[in-house]
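# Observations on chain architecture
Here's the letter readout for the chains.
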Amino acid sequence: GLRDELLIQDILRLKRDKSVYIIAHYYQREEIQALADFVGDSYAMAIAAKNSPHDIILVAGVDFMAETAAVLCPDKIVLTPEPEATCPMASNISVNDVLCYKKKYPESIVVCYVNTPAEVKAVSDICCTSSNAAKILQKLPDNAKVFFIPDQYLGSYLAGKLGRHIDVFSASCPTHASISEEHLLQLKEQFPDAKVLVHPECYPEIVALADYVGSTKGILDYATQSESKIFIIGTECGILYSLGNNNPDKTFILASEELICPNMKSITLDKVFYSLQYLQTRVVVPEEIRAKAAIALERMIEYAS
Ligand code: CIZ
Ligand code: SF4
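Residues numbered from 1 in each chain as written. Chains lettered and ligands numbered in written order. Predicted model: local features only at pLDDT ≥ 70, side-chain atom pairs only at ≥ 80, totals over all residues.

### Comments concerning the domain arrangement of the protein
Frequently, the measure chosen for interface size is the accessible area removed from exposure when the parts meet. Here the protein is partitioned into domain 1 (2-85 + 264-285), domain 2 (89-173 + 290-304) and domain 3 (176-260). Inter-centroid distance (C-alpha atoms) of domain 2 to domain 3 is 26 Å. Taken together, the contact pairs 10 residues of domain 2 with 13 residues of domain 3. Of the residues assigned to the side of domain 2 that touches domain 3, the class counts are 4 nonpolar, 5 polar and 1 charged. (Domains from an automatic or database assignment. Contact = placed C-beta atoms within 7 Å. Nonpolar A, V, L, I, M, F, W, Y, C, P; charged D, E, K, R; others polar.)

Below, the structure is given as structure tokens:
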């Protein structure tokens, strides 16, 4: 409505006046993605933060994304419009979980999904995102004992795909868990021409029904390159904005009506406005943790490129 229009104008003015670079995730609300300087997955967001043209970065995403920017850019000011936008999967793993495993298997390699707190990255060997996990795992020695944290479904999907044993932690994403096999089968029957594109955070029985399994970026690229005109999408609904923008002639159907991440959606225009107005809330990672987490993240960037 009109109020949003005015708010967007105010945000764009503040962003320009204060030279703030806004980075948003594909799962953000449409209006937030529309006003961002950069939209991407968490890997691309990390690179964008490193290459930010401004010294103040506002991260529209959940806490681990803002922390990642703070870890990689110690000389920049990183803001979050909503410090309580957390990720339940990331919050489910602790430093102690990793240290216990390491104690048992000191020679193991701990691969942490980007969905982890900075202090967990700090005790991990290498970080990965869903767009580069397979590539990174393939570069590890064949005989290495690998502990993949925290997403059990992404971990076991990768183990199957790469044909290697991987120990996995037992957390998962409640949003991606909303897709039921029964409903997906119904949709496939209703739309027989549709290609099914799903995120590896989904349950294995959902992944098994997919034509393509991949990250948000992977899903976007697949949809754009595909000859097909209709797709069933198994990831958070925010992706529909970029899918639709890039493919105005194609139809996208969500695999569940509950593919809404409440934490991602807790970032609103109002909160972005206040964040820019008061340059709050600043995300600070204690230097001792930051320096160690940076090693895992920089290693990811090196191995993924
Ligand atoms: O890595 C990310 O950005 C997430 C959370 C999902 C994806 O597949 O891109
Ligand atoms: Fe975490 Fe799932 Fe939300 Fe992604 S969609 S931020 S994994 S809860």
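Anyway, onward from the coordinates.
### Quick word on the site of ligand 2
Every one of the 15 residues lining ligand 2 counts as a neighbour, but V62, C87, C173, T175 and C261 are closest to it. Those elements giving two or more residues to the shell around ligand 2 turn out to be α5 (88-91) and α14 (262-265). For the shell around ligand 2, the class distribution of residues is 9 nonpolar, 4 polar and 2 charged. (Near = placed C-beta within 6 Å. Helix = DSSP H or I, 4+ residues; strand = E, 2+ residues; numbered from the N terminus.)

### Focus: helix α9 (residues 152-162)
Turning to α9, its buried residues number three or more, namely Y153, L154, G155, Y157 and L158. Looking at the buried positions of α9, the neighbouring elements they touch are β5 (109-113), α8 (133-138), β7 (146-149), β8 (167-168), α11 (204-207) and β10 (212-213). Immediately beyond the C-terminal end of α9, within one or two residues, lies G163, with a positive phi of roughly 60 degrees. (Buried ≥ 20, exposed ≤ 12 C-beta atoms within 10 Å, placed from the backbone.)

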